[in-house]
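So you can see what is in the structure, the chains are spelled out below.
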Amino acid sequence: IKADATRAAAVADQVKAILGNQAIVTTPGSFNEVLGSTFDLIDRFGLLVGLAGLLIAIAGLLRTTAASLWERRRDIGLMRAVGWRRRDVAGQLLAETLALTSLGGLIGLAIAGLVSFGLGFSRVTVPVPWELSTTPHFLPGGAMNMAVTVNMDARLDPVVILVSLALALLGGTLVSLGMARRASSIKPAEVLRGE
């Protein structure tokens, strides 16, 4: 039955009253009631995957920064020997890590934008459940197999973009503050002893 979307619930109630309580009348609203919990679970799973990705990214940044710090011990010792203060060294490392984090976040968003753009050209075929079939399943021949083909609607949400960039910068700041603290405690005499 084609009906105005704003009156779908009232039309469904009238149809059910005519057909009886044994009839199954499905509307977009009732379809959402049945699948709403599934969609909610998918959203929560996506949030968990996103948080796991953030933790992995922070661990990778920590490892990269620690390796860079180890390789640059001599440079940091030399900076300290020529008069750089601890906060100067910490500020330099903080600026470098935040620049790398920002660049990585922007490159990641560019890749996500390209993937979303590419997915916009994809089409998905969704099978229609037998309850929604135009031919009832109990008639001879059963329900007619039906499917709906829709374009994939993939786009980036501005709120998600801002939150992801903010989390990237927060993670970069926390990692760089920890590493800068370690770097600023490097003593020039220990590093340059063999020079």
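Since the model is a prediction, treat every value here as computed from it, not as a measurement.

Q: A description of a nonpolar patch on the surface should follow, citing residues and the corresponding values.
A: A cluster of nonpolar side chains, contributed by Leu103, Ile107, Ile111, Val115, Leu119 and Met152, occupies part of the molecular surface with about 510 Å² of accessible area. Position of Leu103 relative to the elements: it lies in helix 4 (residues 86-119).

Q: Lay out the environment of Ser184 in plain terms, naming residues and giving numbers.
A: Counting through the fold element by element, Ser184 comes out in helix 5 (residues 158-184). With relative accessibility at 8%, the residue Ser184 sits in the buried group. Residues contacting Ser184, with those up to four places away along its chain left out, are Arg80, Arg86 and Val89.

Q: Can you explain helix 3 (residues 73-81)? Please cite residues and give values.
A: Buried within helix 3 are the following residues: Ile76, Gly77 and Met79. Considered in projection along helix 3, the buried side chains sweep an arc of 160° and stay on one side of the axis. With its phi angle positive at about 115°, Gly83 sits one or two positions after the end of helix 3.

Q: Any chance you could break down the confidence of the model for the protein for me, citing the residues and the numbers?
A: With 83% of its residues at a pLDDT of at least 70, the protein reaches an overall mean of 78. Across the protein, helix 4 holds the top mean pLDDT of 87, while helix 6 (residues 188-191) sits lowest at 73.

Q: Could you give me a rundown of the environment of Gly105, with the residues and numbers involved?
A: Within the secondary structure, Gly105 is located in helix 4. Here the alpha-carbon distance between Gly105 and Ile161, two residues 56 residues apart in the chain, equals 9.5 Å.

Q: Can you explain helix 5? Please cite residues and give values.
A: For helix 5, spanning 27 residues, the distance from its first C-alpha to its last is 38 Å, which sits close to the expected 39 Å at 1.5 Å a residue. Here helix 5 has its buried residues at Gly171, Gly172, Val175, Ser176, Met179, Ala180, Ala183 and Ser184.

Q: Explain the packing of aromatic side chains to me, using residue names and the numbers behind them.
A: Inspection of the entire model under this criterion finds one aromatic pair. For the pair Phe117 and Phe121, a centre-to-centre distance of 5.1 Å together with 90° between the ring planes defines the contact as edge-to-face. This pair shows no difference in class: Phe117 is exposed, exactly as Phe121 is. Taking NZ or CZ as reference, Arg73 lies 3.9 Å from the ring centre of Trp70, over its face.

Q: Report on the side chain of Ser176, specifying residues and quantitative values.
A: Tracing the backbone through its elements, the reader meets Ser176 in helix 5. Within the structure, the side chain of Ser176 is placed 3.0 Å from the backbone oxygen of Thr173, a separation counted as a polar contact. Here Ser176 is in contact with Leu93, Leu94 and Thr97, once residues within four sequence places are set aside.

Definitions and cut-offs
Residues numbered from 1 in each chain as written. Predicted model: local features only at pLDDT ≥ 70, side-chain atom pairs only at ≥ 80, totals over all residues. Heavy atoms only, no water. Patch = residues over 30% accessible without salt bridge, like charges linked within 9 Å, V, L, I, M, F, W, Y side chains within 5 Å. Areas by Shrake-Rupley, 256 points an atom, 1.4 Å probe, with all protein chains shown as cover. Salt bridge = Lys/Arg side-chain N within 4 Å of Asp/Glu carboxyl O. Helix = DSSP H or I, 4+ residues; strand = E, 2+ residues; numbered from the N terminus. Buried < 20%, exposed > 50% of the residue type's maximum accessible area, 1.4 Å probe, protein only. Contact = heavy atoms within 4.5 Å. Arc of directions from axis to C-beta. pLDDT = per-residue confidence, 0-100. Expected span 1.5 Å × (residues − 1). Phe/Tyr/Trp six-rings, centres within 6.5 Å; stacked < 30°, edge-to-face > 60°. Lys NZ or Arg CZ within 6 Å of the ring centre and 35° of its normal. Polar contact = N/O pair within 3.5 Å; in protein donor to acceptor, adjacent residues only side chain to side chain.

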